[in-house]
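For reference, the chains in residue letters:
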Amino acid sequence: MNPIDELRAARPADLEDRPIDPRTRAAELSRAMSQPRPARRRRRPARPVWSLGLAAAAAAVTAVVVAMNGTASTPRAPDQPASTRPAVTLSAREVLLAAAARAERQPEGKGEYWHTVSVRRTLFAAAKGGYRVLEQRRDEGWTPGATGPDQKQWGRMRSLGVRPATEEDRQAWERAGSPASIEVTVPGKPKPMILKTSPGRTMTGRSPLTDGDKVFWLGRNVSVKDLRELPGDPDRLKKRLLGWKGHATDVPMAGDGWLFAVSAGLIMDMPATPEVRGAAFRMLAELGDVRVIENVTDAEGRTGTAVAINEQTADGGVTEHRLIIDEATGQALANEYVVVKPRGLQAAFEPGTMWNSIAVIKAGWTDEKPM
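> Would you mind going over the overall build of the protein chain with me for this structure?
Secondary structure summary: the protein chain contains nine helices and 16 strands in total. Counting all 371 residues of the protein chain, 50% fall into the buried class. Counting only contacts in the protein chain whose residues sit at least 6 apart along the sequence, the fraction spanning at least 24 positions is 68%. Here the protein chain displays about 16800 Å² of accessible surface, and carbon together with sulfur accounts for 49% of that area.

Next up, the structure:
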């Protein structure tokens, strides 16, 4: 029996979760924390992509399936009828503590580069025809473990094309003539953006590390060394992260929302130690506004358990930010964003629509060099 099942079996059926209150933060923060920057002509401080318009142009796709709150049951005794089994749902704290125990036991791995592969998905409304399309893009990055003036970070990107989001959208697309190039509306932009159904060519680039060693963002620009030196104690980790809060930000964030967003990026695909990932899970377990959603299927078709928090977007909307984790390993599968109060980029979508997701395919150390 894994830790989730053990907790589920031991948990009293009448124990209720804590009340949920919304917190504020821009929906795009957690993805921006972990992406390698493309090659550029001049050096400038690495910053997260805050603009909703920029996030749309960069694109990150979504599934239009609403993952509903799941209900799990305690194991049934042989003489207990199925109809009388008490239904219990684990709290976010229980899920996160179980994930922490699993994450801490994962092997560290070794290699010259920290290698990540992810697929970003975003939902868009076609400018004409009344249908919606999903754009998806594959991102790959290599971050050197060593630092120095000669070290480079590598990035590889390929558009995987767009497709109608649902069967109903496909029928509307076909009625519109099945266009290979689709104009989509982007709130705040004067002209529609054109997306293509065919995959694009692979683009690879490299660039020097910012200030010679900075690659990631956790409230400020940080190096691999900074990440490796983060404390494995949840209280000390929280203090360190809050000390970095507010550098180069455009959207105000409350403490819980800030910690959830930063920790989601740290857990998903940054080269932190297993002890630090475990500490991040334990730190999140003490936040009062995090809730659990069981039996969630991410855009890659993988099933996991999500912990979630509501976040206010820069334009006054509200998004549910979900971190989906694999119960068996404690590893993160995806970051997803669900419309709660439509505004801005989400204005064309109904509440409950999954409009943005980032699925992690691979994250770990390797000696394989980018070609």
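> Looking at this structure, I do not really get the packing of helix α4 (residues 92-104) against helix α9 (residues 274-285). What am I missing?
Pairs of packed helices are described in terms of their axes, by the angle between the two and the distance that separates them. At a closest axis distance of 8 Å, the pairing of α4 and α9 adopts a crossing angle of 175°. With respect to α9, the element α4 is oriented roughly antiparallel. Two secondary-structure elements touch here, α4 through R93, L96, L97, A99, A100, A101, A103 and E104 and α9 through P274, E275, R277, G278, A279, F281, R282, L284 and A285. Partitioning the contact of α4 with α9 into residue classes produces eleven nonpolar, one polar and five charged.

> What is the right way to look at the pattern of salt bridges in this model?
When their charged atoms lie close together, side chains carrying opposite charge are able to pair. One pass over the full model with this rule turns up 13 salt bridges. Taking the shortest distance from any N to any O, the salt bridge between E104 and R282 comes out at 3.0 Å. In this pair, E104 sits in helix α4 while R282 sits in helix α9, placing the two residues 178 residues apart along the sequence. E104 gets classed as partly exposed once you look at its relative accessible area, which sits at 30%. Judged by its relative accessible area of 27%, R282 is partly exposed. Within this structure, R120, R137 and D139 form a network of salt bridges that share partners.

> Would you mind going over the nonpolar core with me for this structure?
Soluble globular proteins tend to pack their nonpolar side chains together in the buried interior. Formed by 47 residues in total, the largest nonpolar core has its most connected members in L218, L266 and L323. Of all the elements, helix α8 (residues 255-269) adds the most residues to this core, at eight residues. A165, I182, V339 and W355 belong to the second-largest nonpolar core, a separate cluster that totals 22 residues.

> What's the story with the pairing of strand β14 (residues 318-325) in this structure? I'm lost.
Consecutive side chains of a regular strand alternate in pointing toward one face of the sheet and then the other. In terms of residue burial, β14 counts as a mostly covered element, since eight of its eight residues are buried. Neither face of β14 is exposed, since V318, E320, R322 and I324 on one face and T319, H321, L323 and I325 on the opposite face are all buried. Relative to β14, strand β13 (residues 303-312) runs antiparallel, the two sharing eight bridges. Following the sheet pairing, Q312 is matched in β14 by V318. The turn linking β13 back onto β14 is made up of five residues, and G316 within it adopts a positive phi angle of 95°. Counting the residues that bridge the hairpin from β14 to strand β15 (residues 332-341) gives six residues, and of these G330 lies at a positive phi of roughly 80°.

The rules behind these values
Residues numbered from 1 in each chain as written. Predicted model: local features only at pLDDT ≥ 70, side-chain atom pairs only at ≥ 80, totals over all residues. Heavy atoms only, no water. Helix = DSSP H or I, 4+ residues; strand = E, 2+ residues; numbered from the N terminus. Buried < 20%, exposed > 50% of the residue type's maximum accessible area, 1.4 Å probe, protein only. Contact = heavy atoms within 4.5 Å. Areas by Shrake-Rupley, 256 points an atom, 1.4 Å probe, with all protein chains shown as cover. Axes fitted to C-alpha atoms, helices over the stretch in contact; angles between N-to-C directions. Parallel < 35°, antiparallel > 145°, perpendicular 65-115°, else oblique. Nonpolar A, V, L, I, M, F, W, Y, C, P; charged D, E, K, R; others polar. Salt bridge = Lys/Arg side-chain N within 4 Å of Asp/Glu carboxyl O. Core = buried A, V, L, I, M, F, W, Y, C linked by side-chain atoms within 4.5 Å. Pairing = 2+ DSSP bridges.

Structural measurements only, silent on function.
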